[in-house]
Each structure stands twice: as C-alpha cells, then as structure tokens.
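# Structure assessment
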Amino acid sequence: MDKKILEKYMKAGKIAAEVREASKELVKPGASLLGIAEELEKIILEKGAEIAFPINISLNDAAAHYTPYKGETTVIRKDDIVKIDIGVHIDGYIGDTAYTAGWNEKHNKLIEASQKALEAAIEMCRPGVNVSDIGAKVEEVIEGYGFRPISNLTGHGLEKNNLHAEPQIPNTKNSRSHELAEDQVIAIEPFATNGAGHVKDSEPTLIYALFRPVLVRSPAARDIINYAASRNGLPFAERWLPLDSRIKIKLALRELTLQNAVYGYPVLKEAAGGMISQAEHTIIVRDEPIVTTKM
Ligand code: MN
Ligand code: MN
C-alpha cells in the first residue's frame, strides 16, 4: 500500500477511535440522540477529519441506519441497548467503528457476544484466509453465548469514498468464497441477537446517498442533488440538508428516490423484534493484522 494512503487510513482510524471513546461520556440514560449525534459529528470535524456517514444511533431491535432528525427529542432510557456507529474519513480513506452500550446488566452477555466474535474474527484477518471461515467463527462465538448472528448483515471492504466495497465479510457459515489479500482494508461487524437472526427494512429512512444526478424542476430537489453530489458518493443525513422545512425535504427526497436520483438506507430492525448488539473495527489485512480503529 502507498505510504501516504496508509497514513490516511491510520489517521482516519485513530480519529474514529477517539470519537468512539469520547462518545462513552455522552451516551447514557437521559441523553438525547440528537445531542449525541451533533456533538460527535462536531468532534470529528474539530479533529481535522471528515464525516464518512451520519453518526448511527440504533436502539434495541434496530441494528443500524438510525440517525436523529431535526428537532428530535428522543432520549436514552436505562433499559435501552444502544449501538453507536462512527465513520470518519481523510481524503476518502475511511475508518468505520461501532460498539454497544447498555446500563441494565441483563444486556451484558449480548453485548459481550458481538465483542468477542469481533476479537476472534480480527485474529483471522491475514492474507489467504477465506471470508467464509471468518463468518463461521463469528457464528460459532455468538452461538456459544446462546445467541444468533444476524445473517443478512455483513462486514465489508473499504475503498476510497466507498463504504461498502467488496468483499462482504459474512457473520455466518456460508458458501461465499473469497480469500483476503495483503493490504485489503475491511470492516468486520458482528451483530448478535436473541431474536430471529435477520433484519428487515423498516421505517423511517433518515440516511440517503446520491445514486445519479438528474435534472429536476423543484428548487428543493435541486438543492438536495447539489448537496448530495458534494458528498462524493458517501451517505448524508436528512437533518444535514440545508433546507428549513422538514415537510419540503421529505417530499423532495421522495421525488428523488422515485427517480432513482438518491437511494435511502431504511432503518434495519430485527425481524422478530429481538435485541441486537454490534461491535466493529476497521482492519488492514496483514500477517499481523492492523486494527486502524483501536485506541
Ligand atoms: Mn459501521
Ligand atoms: Mn461498517
């Protein structure tokens, strides 16, 4: 890997880790989701990095893709289990990391299951290892805790300005065959649940990305296209859009989605309503794997 690119991956990963650690002071019962997201996104920028995707704060049976909307007043409750997912980039080179917080000890085993699965998977991120063997290991560790992995969520490759590059890194045994190569950058993210073991698209959709710019007549839609294009293909939050009226934003986003100009990332919820935990690190594949998002 080019030395300059490696430095950018390392810097992005370090800042993502610092933001993750800073978040542990903010994420607690009584704290507002909007306040947490805004503060963490501010910290990313203050540290001289850019935001790779909106801070995801997904509660309980939501696995991913929840980010607060403008004016949201939801606060964390002490029985919640909260996934915080942070994406930072330097010139498009991304660090992606997540963890799960909980305050009721009934969640402890579920939180530990995804963490330990991640630790076991990281050890395997060496050249020549088949991603299906990583999935089998993740599944084995999570099942050892008496839970199920979420089978239709996977880890992924990372490339410049591309958050979900090949290969997918499964969280279960499967027949997908792909050997990791030296210097490949990947994010591994086991999800554990006491539910059915898969997620489904749910309401609402609060995160979007540009698919293809189209000519549109409405000024609001045009503003959104321009804003989306400034993200270099990376996702953005509805609440970031520089428009006053949430109703106008929603109408324009619906129009743009129908035209395939943007696509949404709906909130992903456990199919049987189970609780979900997640743990994630970004790794550079080496004989000694480099965890860029480790503190
Ligand atoms: Mn993530
Ligand atoms: Mn990820």
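Structure's up top.
Structural notes, computed from the coordinates. (Residues numbered from 1 in each chain as written. Chains lettered and ligands numbered in written order. Predicted model: local features only at pLDDT ≥ 70, side-chain atom pairs only at ≥ 80, totals over all residues. Heavy atoms only, no water.)

## A closer look at the packing of helix α5 (residues 219–229) against helix α6 (residues 246–258)
Worth spelling out the cut-off: Angles shown run from 0 to 180 degrees and are taken between the N-to-C directions of axes, each axis being a line fitted to C-alpha atoms and, for helices, limited to the stretch in contact. Only DSSP runs of H or I reaching four residues or more are called helices, and only runs of E reaching two or more are called strands; each is numbered from the N terminus. With respect to orientation, any angle under 35 degrees is reported as roughly parallel, any angle over 145 as roughly antiparallel, any angle of 65 to 115 as roughly perpendicular, and every other angle as oblique. Residues are treated as being in contact if the distance between any of their heavy atoms lies within 4.5 Å. Under the convention adopted here, Pro, Cys and the residues Ala, Val, Leu, Ile, Met, Phe, Trp and Tyr are nonpolar, Asp, Glu, Lys and Arg are charged, and Gly plus all remaining residues are polar.
Where α5 meets α6, the axes come as close as 9 Å, and the angle between the chain directions of the two elements is 70°. Taken together, the axis directions place α5 and α6 in an arrangement best described as roughly perpendicular. Side by side, α5 and α6 meet where Ala 220, Ala 221, Ile 224 and Ile 225 of the first sit next to Ile 249, Ala 252, Leu 253, Glu 255 and Leu 256 of the second. Across the contact of α5 with α6, the residue classes tally to 8 nonpolar, no polar and 1 charged.

## Some points on the packing of aromatic side chains
Aromatic rings in a pair are described by how distant their centres are and how their planes are angled relative to each other. Where we set the bar: Aromatic contacts are taken between Phe, Tyr and Trp rings whose centres are within 6.5 Å, Trp giving its six-membered ring; a plane angle under 30 degrees counts as stacked, one over 60 as edge-to-face, and the others as tilted. Three labels apply to residues, based on accessible area from a 1.4 Å probe with only protein chains included: buried if under 20% of the type maximum, exposed if over 50%, partly exposed otherwise in between. Distance and angle both matter: a charge sits over a ring if NZ of Lys or CZ of Arg is within 6 Å of the ring centre and within 35 degrees of the ring normal.
In the structure shown here, the tally under the stated rule is 5 aromatic pairs. Judged by centre distance (6.0 Å) and plane angle (75°), the rings of Phe 211 and Tyr 263 are edge-to-face. Of the two residues, Phe 211 sits in the loop between β10 (199–210) and α5 while Tyr 263 sits in strand β12 (residues 262–270), which places them 52 residues apart along the sequence. Given the relative accessible area of 56%, Phe 211 is considered exposed. On the basis of relative accessibility, which here comes to 34%, the residue Tyr 263 falls in the partly exposed class. Arranged with centres 5.8 Å apart and planes meeting at 80°, the rings of Tyr 227 and Phe 236 form a pair that is edge-to-face. An aromatic cluster is built from Tyr 208, Tyr 227 and Phe 236, whose rings are joined through pairwise contacts. Positioned over the ring face of Tyr 99 is Lys 24, at 5.0 Å from the centre of the ring. Directly above the ring of Tyr 69 sits Arg 246, whose terminal nitrogen or CZ lies 4.2 Å from the centroid.

## Digging into the sheet that holds strand β4 (residues 93–102)
Counted only if it meets this: When DSSP finds at least two bridges between two strands, those strands are taken to pair.
Here 3 strands make up an open sheet; going across it, the order is β1-β3-β4 and the pairing antiparallel. Of all the strands in the sheet, the pair left with one neighbour each is β1 (50–59) and β4. Strand-to-strand twist of the sheet, defined as the mean angle between neighbouring strand axes without regard to direction, takes the value 10°. One ladder, built from 10 bridges, connects strand β3 (residues 81–90) with β4; its direction is antiparallel. Opposite Ile 90, over in β4, you have Tyr 93 as the bridge partner. Across the face of the sheet, helix α2 (residues 33–46) comes into contact with β1 and β3 while running at roughly 155° to β1.

## Some points on unusual backbone geometry
Trans is the prevailing form of peptide bonds, just as negative phi is the prevailing case for residues other than glycine. Put simply, Glu 166 and Pro 167 share a cis peptide bond, and its omega is 0°. Along the chain, Pro 167 falls in strand β7 (residues 162–169). With an omega of -10°, the peptide bond between Glu 203 and Pro 204 qualifies as cis. Tracing the backbone through its elements, the reader meets Pro 204 in strand β10. Even without being a glycine, Asn 232 presents a positive backbone phi close to 55°. Its place among the elements puts Asn 232 in the loop between α5 and β11 (236–237). Residue classification places Asn 232 among the exposed residues on the basis of a relative accessible area of 53%. A positive phi angle, near 60°, is found at Asn 260, a position not held by glycine. Within the secondary structure, Asn 260 is located in the loop between α6 and β12. The exposure class of Asn 260 is partly exposed, given its relative accessible area of 45%.

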